[in-house]
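Take a look at the letters that make up each chain.
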Amino acid sequence: GKYKIATGDAACTNCLEGQYSTTISATSNVCQGCPTNSDAPEASKEQTDCTCNVGSTGFDGKTCTKCVAGKYKIAIGDATCTNCLEGQYSTTV
């Protein structure tokens with residue numbers, strides 16, 4: 001989740017939000033972006049730190065897909081999309 005380009009006592013740089021790095025003692029920016037429709041906190045160390053965004057579903061660290069029309073998801077993470085209640089609908093995809 002961190003890297004250090006400069007030598008000496010300079011501080012390590014965190015991978016940005018939405019990125020992760022599994023490399024230990026990285027001497028260059030080896031941060032990788034999270035898969036589609038997912039996000040990770042700053043300084044994340046594993047691809048599984050990338051969790052699906054609200055409105056998207058899938059497994060942590062994998063590509064997440066947006067909920068189809070008629071379903072929704074209000075939490076981050078690997079929860080499934082929920083059907084809209086009877087008499088309600090969503091056209092948002």
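Our structure is the block above this text.
Fair warning: this is a prediction, and the values are worked out from it, not measured in the lab.

Conventions adopted
Residues numbered from 1 in each chain as written. Predicted model: local features only at pLDDT ≥ 70, side-chain atom pairs only at ≥ 80, totals over all residues. Heavy atoms only, no water. Helix = DSSP H or I, 4+ residues; strand = E, 2+ residues; numbered from the N terminus. Disulfide = S-S within 2.5 Å. Buried < 20%, exposed > 50% of the residue type's maximum accessible area, 1.4 Å probe, protein only. Contact = heavy atoms within 4.5 Å. Polar contact = N/O pair within 3.5 Å; in protein donor to acceptor, adjacent residues only side chain to side chain. Lys, Arg positive; Asp, Glu negative; His and termini not counted. Salt bridge = Lys/Arg side-chain N within 4 Å of Asp/Glu carboxyl O.

**A short note on unusual backbone geometry**
- Unusually for a residue other than glycine, Ser25 sits at a positive phi of about 60 degrees.
- Positionally, Ser25 belongs in the loop between β3 (19-20) and β4 (32-33).
- Unlike most non-glycine residues, Ala43 shows phi in positive territory, near 70 degrees.
- Relative to the elements of secondary structure, Ala43 occurs in the loop between β5 (38-39) and β6 (51-52).

**What about the state of the cysteines?**
- Summed over the entire model, instances satisfying the criterion amount to four disulfides.
- What pairs with Cys34 in a disulfide is Cys50, and their sulfur atoms sit 2.1 Å apart. Because the sign of the S-S torsion sets the handedness, a value of about -75 degrees for the bond joining Cys34 and Cys50 places this disulfide among the left-handed ones. Placement of the pair is Cys34 in the loop between β4 and β5 and Cys50 in the loop between β5 and β6, with a sequence separation of 16 residues.
- With relative accessibility at 16%, the residue Cys34 sits in the buried group.
- The connectivity of the disulfide bonds within the protein can be written as 1-2, 3-4, 5-6, 7-8, using the sequence rank of each bonded cysteine.
- Of all cysteine sulfurs, the one in Cys15 lies closest to Cys12, which takes part in no disulfide; the gap is 11 Å.
- Left without a disulfide partner, Cys84 is nearest to the cysteine sulfur of Cys67, which lies 9.4 Å away.

**Remarks on the environment of Glu42**
- By the element assignment, Glu42 lies in the loop between β5 and β6.
- For Glu42 and Leu85, which are 43 residues apart along the polypeptide, the C-alpha to C-alpha distance reads 36 Å.
- Contact partners of Glu42, with chain neighbours within four places excluded, come to Asn14, Cys15, Leu16 and Glu17.
- A polar contact is formed between the side chain of Glu42 and the side chain of Asn14, at a distance of 2.9 Å.

**Structural notes on the environment of Ser25**
- We classify Ser25 as exposed; its relative accessible area is 68%.
- Separated by 10 residues in sequence, Ser25 and Cys15 place their C-alpha atoms 13 Å apart.

**Let's talk about the side chain of Lys73**
- Within the secondary structure, Lys73 is located in the loop between β9 (71-72) and β10 (82-83).
- Of the side chains with opposite charge, Asp78 lies nearest to the buried Lys73, which makes no salt bridge, at 7.4 Å.
- Within the structure, the side chain of Lys73 is placed 3.3 Å from the backbone oxygen of Asn53, a separation counted as a polar contact.
- Contacts of Lys73, omitting those with residues within four sequence positions, involve Cys52, Asn53, Val54, Gly55, Ser56, Thr57, Cys67, Ala79, Thr80 and Cys81.

As far as function goes, none of this settles anything; it's purely spatial.
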